[in-house]
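Observations on the three-dimensional arrangement
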Amino acid sequence: MNFRGKLVIFSGPSGAGKTSIVKTLLNKYPELFGFSISATTRSMRANEVNGKDYYFIPVDVFKEKIKNDEFIEWEEVYEGLFYGTLKSEVESWHALNRHILFDIDVKGGLNIKKKFPDITLSIFVMPPSIEDLEKRLNERKTENEETLKKRINKVQWEISMSSLFDIVVINNDLNAAIEKAEEAVVNFLKE
Ligand code: 5GP
């Protein structure tokens, strides 16, 4: 793919604040960035919109797309739950000359960085502590006991991968984290 824009990856544990940071950047720079809407097989949350937050699709459709080579990357992020970046999504932002923001898991983020090393900035969003993350996930009330457990079980491993990212933003305070991420992204776009 011959891409003129840049790719900015936000990865890190569920509940660390990636989505809030990405949404702020999209609102602040609506003409600069596009958001890579992923496909997923998980069910839609009450506050989510199909085609805006994700493309919610059944697992057989997802598997068909894997077979047809429609993904740049995909992962079974949690057991039985598939998430993937569609080539068509990246191509449509490309056609509009936008830089692209990704909210994807650690493996997917590192895969994109490996595929497009020169045009990708990878950012790991770090929670201040695992206890704090657990508290945030509980307060968010988007998970049931089982899905909450799956997310918490993965955190140690995710944090152990943080050193492979270009930068780590610690989310002690959301506004400060947004500021740090914004500064890194703006500098990267100037390169
Ligand atoms: P959630 O279910 O909380 O929306 O997302 C769960 C995890 O899947 C998050 O870490 C999120 O960043 C990741 N994710 C979302 N979309 C993609 C994608 O297209 N590919 C990969 N590899 N991970 C994704």
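See the structure printed just above.
Criteria and cut-off values
- Residues numbered from 1 in each chain as written.
- Predicted model: local features only at pLDDT ≥ 70, side-chain atom pairs only at ≥ 80, totals over all residues.
- Heavy atoms only, no water.
- Buried < 20%, exposed > 50% of the residue type's maximum accessible area, 1.4 Å probe, protein only.
- Helix = DSSP H or I, 4+ residues; strand = E, 2+ residues; numbered from the N terminus.
- Pairing = 2+ DSSP bridges.
- Core = buried A, V, L, I, M, F, W, Y, C linked by side-chain atoms within 4.5 Å.
- Contact = heavy atoms within 4.5 Å.
- Near = heavy atom within 4 Å.
- Polar contact = N/O pair within 3.5 Å; in protein donor to acceptor, adjacent residues only side chain to side chain.
- Areas by Shrake-Rupley, 256 points an atom, 1.4 Å probe, with all protein chains shown as cover.
- Nonpolar A, V, L, I, M, F, W, Y, C, P; charged D, E, K, R; others polar.
- Axes fitted to C-alpha atoms, helices over the stretch in contact; angles between N-to-C directions.

1. A word on the pairing of strand β7 (residues 99–103)
If a strand is regular, its side chains alternate between the two faces of the sheet. With 5 of its 5 residues buried, β7 lies for the most part within the structure. Of the strand pairs in this sheet, strand β1 (residues 7–11) and β7 are connected by 4 bridges, and their pairing is parallel. Paired with Phe 10 across the bridge in β7 is Asp 103. Across 3 bridges, the pairing between strand β2 (residues 33–35) and β7 is parallel. Within β7, the position partnered with Phe 35 by the bridge is Leu 101.

2. Observations regarding the nonpolar core
Grouped together as the largest cluster of nonpolar side chains are 23 residues, with contacts concentrated most on Val 8, Phe 10, Ile 21, Leu 101, Leu 121, Ile 123 and Val 185. When residues of this core are traced back to their parent elements, those giving at least two are β1, α1 (18–28), β2, β8 (120–126) and α7 (174–190). Looking at this core element by element, the count peaks at 6 residues for α7. Once you skip the residues sitting within four places of it in the chain, Val 8 turns out to touch Ile 100, Leu 101, Phe 102, Leu 121, Ile 123, Val 185 and Phe 188. Leu 7, Ile 72, Ile 112 and Ile 119 belong to the second-largest nonpolar core, a separate cluster that totals 11 residues.

3. Notes on the site of the ligand
Residues in close proximity to the ligand total 19 residues, the closest being Arg 42, Tyr 54, Tyr 83, Asp 105 and Arg 151. Contact distances for the ligand include 2.7 Å between an oxygen atom and a side-chain N or O atom of Ser 38. Between the ligand and the protein, one listed contact pairs an oxygen atom with a side-chain N or O atom of Arg 151 at 2.7 Å. Look at the ligand: alone it shows 510 Å² of surface, and the protein chains cover 96% of it. Put simply, the parts of the chain that give the shell around the ligand at least two residues each are β5 (71–78) and β6 (81–86). The greatest single-element share of the shell around the ligand, amounting to 4 residues, is contributed by β5. Taken together, the residues of the shell around the ligand break down into 5 nonpolar, 6 polar and 8 charged.

4. A few points about the sheet that holds β7
If you walk across this open sheet you meet the 5 strands as β2-β7-β1-β8-β9, and the pairing is parallel. Each edge of the open sheet carries a strand with a single partner, namely β2 and β9 (167–170). Neighbour-to-neighbour, the strand axes of this sheet turn through a mean angle of 25 degrees, independent of strand direction. Lying over the sheet, α7 contacts β1, β2, β7, β8 and β9, oriented at roughly 155 degrees with respect to β9.

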